[in-house]
Amino acid sequence: MMMKYVTMVWRCLVLLFLITGCAAPERVIYFQDLQAGLQEDIAQSYEIKIRKDDLLGITVSARNPELAIPFNLPATAYSLEARSSITAAQLGYQVDVDGYISFPQLGKIHVEGMTRKEVASWITQKLQEKKLLVDPVVTVSFQNFKVSVLGEVKNPRVINVKSDRITVLEALAEAGDLNIQAKRDRVAVIREAEGKRTVHYLDLRSSDLLQSPYYYLQQNDVVYVEPNNARTIQARSTQVTSVGTWVSVFSSIMSVATLIVTLLR
């Protein structure tokens, strides 16, 4: 009777293992419904719009380099701090709370909502109209474009973006990809724009991700990867084990103290 019961238990365990093994790929494989050879138009634009608090790098060049000097800030500023340490800070044009920057001889320029190419084109046009420079070339770049990746990834980090384009997949790759305990169907993108904070969940297993407005990340986006149930249970188990260990240590200390007191009597 006992052997029959043991055999039944083993069969149930084997069946459970097989079911789990079959279901596992469905939980971890990306783009499960993606069809090979399928071509789709890219609906969303990945051009970054300038926002408040952005730091813009603006470089102006001309036929006569000396005439362009007043329009260019130095690349870095150095300051002397305590204990004679020297720190370097990147300079640029900070977009204020009203969406303006102050540019030499052109005054205040409203740049919020524009792309960097639009700002460069506008400044070029004004420099020519005011006859300040002949054939100026203006380059605008973002100096504080960053996104954060947190949660169940191998290397949570803040990513400094050097171009105008970064996708959620590129950000996850920069963070070392997802851990096996991560939820592929619940990756949150937290975004602040126009005075509002939104949270949108992405499913990495679906090709719909490629058409999501959150596929291309924006300034200061936070990507958070949730842990799956197994990871949560493991964390709780570790916490309980830790508490149990401390209780055991405390009990041992109390026992030793009691023994010492008894022997001293």
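Predicted model, so just to flag it, every value in this text is computed and none were measured.

K.L.:
What am I meant to see in helix α3 (residues 116-129) here?
P.N.:
One full turn of an α-helix is made of 3.6 residues, so residues set three or four places apart face in the same direction. Here α3 contains 14 residues, and its C-alpha end-to-end distance of 20 Å stays within 8% of the 20 Å for a straight helix at 1.5 Å per residue. For α3, the full list of buried residues reads V119, A120, I123, T124 and L127. Seen from one end, α3 has its buried residues packed into an arc of 130 degrees, which puts them on one side. Within two residues after α3, K131 carries a phi angle of roughly 55 degrees, on the positive side.

K.L.:
Which parts of the structure should I look at to understand the pattern of salt bridges?
P.N.:
Pairing of side chains with opposite charge becomes possible as their charged atoms draw close. Tallied over the entire structure, the rule returns 12 salt bridges. Where K126 meets E129, a salt bridge forms, and the shortest distance between an N and an O atom there is 3.5 Å. On the criterion of helical spacing, the pair formed by K126 and E129 is a turn pair, its members being three residues apart in helix α3. The class of K126 is partly exposed, set by a relative accessible area of 24%.

K.L.:
Is there a simple way to think about the pairing of strand β6 (residues 107-110) in this case?
P.N.:
Where a strand is regular, its side chains alternate between the two sheet faces. Where strand β5 (residues 100-103) lies against β6, four bridges are found, and the strand directions are antiparallel. The residue of β6 that forms the bridge with Y100 is H110. Hairpin connection between β5 and β6: a loop of three residues separates the two successive antiparallel strands, and Q105 in this loop has a positive phi of roughly 65 degrees.

Calculation notes
- Residues numbered from 1 in each chain as written.
- Predicted model: local features only at pLDDT ≥ 70, side-chain atom pairs only at ≥ 80, totals over all residues.
- Heavy atoms only, no water.
- Helix = DSSP H or I, 4+ residues; strand = E, 2+ residues; numbered from the N terminus.
- Expected span 1.5 Å × (residues − 1).
- Buried < 20%, exposed > 50% of the residue type's maximum accessible area, 1.4 Å probe, protein only.
- Arc of directions from axis to C-beta.
- Salt bridge = Lys/Arg side-chain N within 4 Å of Asp/Glu carboxyl O.
- Pairing = 2+ DSSP bridges.

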